[in-house]
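Chain and residue survey
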Amino acid sequence: MGFQMQPYGMQAMLKEGHKHFSGLDEAVLKNIDACKQLSVITRTSLGPNGMNKMVINHLDKLFVTNDAATIVNELEVQHPAAKILVLASKAQQEEIGDGANLTISFAGELLQNAEELIRMGLHPSEIISGYTKAINKTVEILDELVEEGSEKMDVRNKEQVTSRMKSAVASKQFGQEDILCPLIADACIQVCPKNPVNFNVDNVRVAKLLGGGLHNSSVVRGMVLKNDTVGTIKRVEKAKVAVFASGVDTSATETKGTVLIHSAEQLENYAKTEEAKIEELIKAVADSGAKVIVSGGAVGEMALHFCERYKLMVLKISSKFELRRFCRTTGAVAILKLSQPNPDDLGYVDSVSVEEIGGVRVTIVKNEEGGNSVCTVVLRGSTDSILDDLERAVDDGVNTYKSMCRDSRIVPGAAATEIELARKLKEFSFKETGLDQYAIAKFAESFEMVPKTLAENAGLNAMEIISLLYAEHSTGNTKVGIDLEEGICKDVSTLNIWDLHITKFFALKYAADAACTVLRVDQIIMAKPAGGPKRVPGAGGGNDED
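Residues numbered from 1 in each chain as written. Predicted model: local features only at pLDDT ≥ 70, side-chain atom pairs only at ≥ 80, totals over all residues. Heavy atoms only, no water.

**Some words on the pairing of strand S14 (residues 480-483)**
As a reminder of what qualifies: In this description, strands pair whenever DSSP reports at least two bridges between them. Each helix corresponds to a stretch of at least 4 residues labelled H or I by DSSP, and each strand to a stretch of at least 2 residues labelled E; elements are numbered beginning at the N terminus.
Summarising the sheet, S14 and strand S15 (residues 488-491) pair through four bridges and their orientation is antiparallel. Paired with Ile 482 across the two strands is Cys 489, which belongs to S15. Hairpin remark: S14 followed by S15, antiparallel, with four residues in the connecting loop; positive phi at Gly 487, about 70°.

In structure tokens:
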């Protein structure tokens, strides 16, 4: 037996194949670097002039978007530290539905500044304590910047809603917010319940139909189903609806049986009884007053024949989620098997009609009277990726509406708030005595990332803009932000650009928390990944064919 060197230290303790990084250079700075790379990707998409990213995911699906939440979801981030930022942005997307980009970019900026401090010789724990003080102070200052009188708002007033929604939609679809905002506001106001806090985002649906342009888009009270009706009846007004979850067809018996047939008469009678049975079922439905049958599964040939005879319209909705929404729109109860429905189980629609939009047949289910049922925004556009991006803008708008139902306070947009926060925090850092003050000053500096990025994405001179903003703010004009179209600094209240306080609040909070979490790590220990040898895609797929 040859002399083998015995492993010692960390190697002896852990299983072979593990990786271990420790210390400032290996762990902390590498983590910070990975997070910086992620924020560099999303940062150029910040704001109205943000660039689009083309992301192709592992299923070869193409995304062309500047929505950070989508980009980060589709990039399969491997690095454990960068994943923390991804989680922070997902939390923001779940909580508010907008501001995911601000979360990632701001966290990246905080970490970049932390790296400078570490190189200067500060210990990460001092930076963390400084950052924690700074974020608490930031929250206080944010509350002071809230526009007076904005805490009371009428969520059914279209003007007030669009003014608050404008900046969220503009950051996704710049230049089209004036068309999109009224559409989204209409849809949201129509489905808003009596107590706005209970607003359900799922009640505003989006139907994407190719062709036409954005100006052909409209809002429909009710649902738009992307398929044709099954039978020949294409239009029904003021009708009762019966919903059958399983499908409209002859039901097979529970047990298997063999039928011996001796003569032709018996065969005829056998077929006739089947017909009579179905006719009886369909007639029972027709007698209950229902004019429309909605089926969750297949519709049998014979059943369809009798539906036609009794002048019933037949719709097929295969997705069970769509079926639930349909029940919500019409107030129907889904019945499991084909039988005579109770009058209470029937729903009501104002009209069901098949229309042709851009060469696609769609069924429009309208229900004007039913208060907060479902509303659909019909989007038109020339390509699929444009439609997907429009849908994301609508989602953002609807989520913003939900947030403003909970808390309608607003702060100045267009980087006015950020500059003011930076200025106030700078002053606050001079009053601190310990080593924290450097961290607080860096935290304040990080806010400059927002105006800098907005200016750079719009092709303006960033340094000049930031110094102009500081000059204006120090004279007391706290509402001065960047007017991106003219490339100058202007009072935001005249431009009518407002951000929701709650969006900013959570975005900055999550960003600071994520940055502190990354800074707290000083060792990374990775076990050997489980599983056998990795299969190289495209090679050695010989035995899959059989």
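**Section: the packing of aromatic side chains**
How we decide: Aromatic contacts are taken between Phe, Tyr and Trp rings whose centres are within 6.5 Å, Trp giving its six-membered ring; a plane angle under 30 degrees counts as stacked, one over 60 as edge-to-face, and the others as tilted. For the exposure calls, accessible area comes from a 1.4 Å probe over protein chains only, and a residue counts as buried if that area is under 20% of its type's maximum, exposed if over 50%, partly exposed in between. Consider the ring centre and the ring normal. A charge sits over the ring if Lys NZ or Arg CZ is within 6 Å of that centre and within 35 degrees of that normal.
All chains considered together, the criterion is met by seven aromatic pairs. Note on Phe 106 and Phe 443: the rings are 5.7 Å apart at their centroids and 85° apart in plane angle, and the pair reads as edge-to-face. On the criterion of sequence distance, the pair formed by Phe 106 in helix H5 (residues 100-120) and Phe 443 in helix H14 (residues 436-446) is long-range, its members being 337 residues apart. Owing to a relative accessible area of 0%, Phe 443 belongs among the buried residues under this scheme. The structure contains a cluster of three or more aromatic residues connected by ring pairs, namely Phe 106, Tyr 131, Phe 443 and Phe 447. The cationic tip of Lys 61 hangs over the ring face of Phe 63; the distance from NZ or CZ to the ring centre is 4.9 Å.

**Here's the deal with the pattern of salt bridges**
Side-chain pairs of opposite charge can arise whenever the charged atoms involved come near each other. Condition: A pairing counts as a salt bridge when a side-chain nitrogen of Lys or Arg comes within 4 Å of a carboxyl oxygen of Asp or Glu.
The full count for this structure, using the stated rule, is 36 salt bridges. The salt bridge involving Glu 420 is made with Arg 423; its shortest N-O contact spans 3.0 Å. With Glu 420 and Arg 423 both in helix H13 (residues 416-431) and three residues apart, the pair spans about one turn of that helix. Arg 423 matches Glu 420 in its accessibility class, with the two residues each being buried. A salt bridge links Lys 504 to Asp 499; the nearest nitrogen and oxygen atoms lie 2.8 Å apart. Accessibility assignment for this pair places Lys 504 and Asp 499 in one class, buried. Shared partners join several salt bridges into a network, and the residues in it are Glu 144, Glu 420, Arg 423, Lys 424 and Glu 427.

**Observations regarding the layout of surface pockets**
We count it as follows: Only protein atoms enter the 1 Å grid, on which a cavity is a set of points fitting a 1.4 Å probe that cannot get out and a pocket is an open set with protein on both sides within 12 Å along at least 5 of 7 lines, lining residues being those with an atom within 4 Å of a point. Grid points are joined across faces, edges and corners, and a volume is the space filled by probe spheres set on the points. The classification used treats Ala, Val, Leu, Ile, Met, Phe, Trp, Tyr, Cys and Pro as nonpolar, Asp, Glu, Lys and Arg as charged, and all other residues, Gly among them, as polar.
Considered as a void within the structure, the largest pocket measures approximately 870 Å³ in volume. Surrounding the largest pocket, 48 residues form its lining, Pro 48, Ser 167, Ser 171, Ile 497 and Asp 499 being those nearest its centre. Broken down by secondary-structure element, the contributors of at least two residues to the lining of the largest pocket are helix H3 (68-74), H5, helix H7 (158-170), helix H12 (384-406), helix H15 (449-457), S14, strand S16 (498-500) and helix H18 (501-519). For the lining of the largest pocket, the element with the most residues is H7, which contributes five residues. Class assignment of the residues belonging to the lining of the largest pocket gives a composition of 20 nonpolar, 14 polar and 14 charged.

**Describing H13**
It helps to recall that an α-helix has 3.6 residues per turn; residues three or four apart then point in one direction. Counted only if it meets this: Multiplying 1.5 Å by the residue count of a helix minus one yields the expected span of that helix.
The end-to-end C-alpha separation of H13 is 24 Å, in line with the 22 Å expected for 16 residues at 1.5 Å each. Residues of H13 that are buried: Ala 416, Thr 417, Glu 418, Ile 419, Glu 420, Leu 421, Ala 422, Arg 423, Leu 425, Phe 428 and Ser 429.

**Regarding the side chain of His 473**
Our working definition: The contact criterion used throughout is that any non-hydrogen atoms of two residues lie within 4.5 Å.
Looking at the secondary structure, you find His 473 in helix H16 (residues 462-474). Under the relative-accessibility criterion, His 473 is labelled buried at 0%. Discounting chain neighbours no more than four positions away, the residues touching His 473 are Ala 416, Ile 419, Glu 420, Arg 423, Thr 478 and Val 480.

**Describing the nonpolar core**
Filter applied, for reference: To define a nonpolar core, start from buried Ala, Val, Leu, Ile, Met, Phe, Trp, Tyr and Cys residues and group those joined through side-chain atoms within 4.5 Å.
Phe 106, Ile 127, Tyr 131, Leu 425, Phe 443, Phe 447 and Leu 519 are the most contacted members of the largest nonpolar core, which has 64 residues in total. What Phe 447 contacts, discounting residues up to four positions off in sequence, is Phe 106, Thr 138, Glu 418, Leu 421, Ala 422, Leu 425 and Leu 508. Judged by nonpolar contacts, the second largest core, of 34 residues, contains Val 155, Ala 187, Val 394 and Met 404.

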